[in-house]
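Results of the structural survey
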Amino acid sequence: MPFKKQNAKLNTTKFLIAKYYFFGLIFLFIFYAFIGEIPSWYTIERDWIEWITTIISIPIIGMLTSKYLTKNIGKEKQNYFGISFLALFASWILILYFKALIIGIISSFEFGRIRILESLAGYSIYQLWIYGMFGIIHGIVGGYFLSKELKNNEKKTAHNNV
């Protein structure tokens, strides 16, 4: 029985994370449209490795985040907003470094010398502030609503178990 309860909790958390990641992607698209920086096909074609890496990393980071939330939800006297904010903010930073790591590995093969640290340093210098801003905004707005849903879900689960 505890396994079923844990599995149901994980599935609910995965759905909530997917929902708030989708909202984050919509926010990102609207932000890019607002500042007039929607990428052209040429940009996507030129940086196709970064785009594919980002698309692949989002579900991987989402699964890690849902496991983190499932593990940390249910402890007594917890701060739902803090956990939600941390999960959404950290996911943006993890996506950035996942992308930097993959680009560094591919560059190492391409140029014949190890360029992983150069890639991590370059992404940290030039893109960490952008991903950090998006992470903070998504963490505050999405974390507020995610914490409300997690709290309501926890109450429903506790009510159904009594």
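Before reading on, note that the structure itself is shown above.
Residues numbered from 1 in each chain as written. Predicted model: local features only at pLDDT ≥ 70, side-chain atom pairs only at ≥ 80, totals over all residues. Heavy atoms only, no water.

For the rest of this paragraph, the subject is the overall build of the protein. When helices and strands are counted, the protein shows 6 helices and 0 strands. Put simply, the protein runs from its N terminus to its C terminus through helices and strands in the order α-α-α-α-α-α. Within the protein, the proportion of its 162 residues that are buried is 31%. Taken as a whole, the protein presents about 10,700 Å² of accessible surface, with 71% of it coming from carbon and sulfur. (Helix = DSSP H or I, 4+ residues; strand = E, 2+ residues; numbered from the N terminus. Buried < 20%, exposed > 50% of the residue type's maximum accessible area, 1.4 Å probe, protein only. Areas by Shrake-Rupley, 256 points an atom, 1.4 Å probe, with all protein chains shown as cover.)

Now for the packing of helix H4 (residues 80-111) against helix H5 (residues 116-126). At a minimum axis distance of 8 Å, the contact between H4 and H5 shows a crossing angle of 145°. The two elements H4 and H5 meet at a crossing, and its hand is right-handed. Residues Leu96, Tyr97, Lys99, Ala100, Leu101, Ile103, Gly104, Ile105 and Ser108 of H4 form the contact with H5, whose own contacting residues are Ile116, Ser119, Leu120, Tyr123 and Ser124. Partitioning the contact of H4 with H5 into residue classes produces 9 nonpolar, 4 polar and 1 charged. (Axes fitted to C-alpha atoms, helices over the stretch in contact; angles between N-to-C directions. Left-handed = near helix turned anticlockwise from the far one by under 90°. Contact = heavy atoms within 4.5 Å. Nonpolar A, V, L, I, M, F, W, Y, C, P; charged D, E, K, R; others polar.)

So, on to the nonpolar core. Core analysis: the largest hydrophobic core is formed by 23 residues, its most contacted members being Tyr21, Leu69, Leu146 and Leu150. Among the elements that line this core, the one with the most residues is H4, at 9 residues. Residues in contact with Leu146, not counting those within four places in the same chain, are Leu16, Ile17, Tyr20, Leu69, Ser84 and Leu88. (Core = buried A, V, L, I, M, F, W, Y, C linked by side-chain atoms within 4.5 Å.)

Another aspect to go through is helix H3 (residues 48-72). A rise of 1.5 Å per residue sets the reference length of H3, with its 25 residues, at 36 Å; its end C-alpha atoms lie 36 Å apart and thus fit the reference within 8%. Maximal helix bending in H3 amounts to about 25°, located at Ser57; proline Pro59 follows within four positions. For H3, the full list of buried residues reads Thr53, Thr54, Ser57, Ile58, Ile61, Gly62, Thr65, Ser66, Leu69, Thr70 and Asn72. (Expected span 1.5 Å × (residues − 1). Bend = angle between axes of the 7 residues up to and from the residue.)

Looking now at the packing of aromatic side chains. Centre-to-centre distance and the angle between the planes together describe a pair of aromatic rings. Under the counting rule described, the total for this entry stands at 5 aromatic pairs. Judged by centre distance (5.4 Å) and plane angle (45°), the rings of Trp92 and Phe134 are tilted. Here Trp92 is found in helix H4, whereas its partner Phe134 is found in helix H6 (residues 128-161), with 42 residues between them in sequence. Residue classification places Trp92 among the buried residues on the basis of a relative accessible area of 10%. (Phe/Tyr/Trp six-rings, centres within 6.5 Å; stacked < 30°, edge-to-face > 60°.)

The subject of this paragraph is the packing of H3 against H4. Where H3 contacts H4, the two axes come as close as 8 Å, and the packing angle between them is 145°. The handedness of the crossing between H3 and H4 comes out as right-handed. Two secondary-structure elements touch here, H3 through Ile49, Glu50, Thr53, Thr54, Ser57, Ile58, Ile60, Ile61, Thr65, Tyr68, Leu69 and Asn72 and H4 through Ile83, Leu86, Ala87, Ser91, Leu94, Ile95, Phe98, Lys99, Ile102, Ile103 and Ile106. Along the lines of polarity and charge, the residues of the contact of H3 with H4 split into 15 nonpolar, 6 polar and 2 charged.

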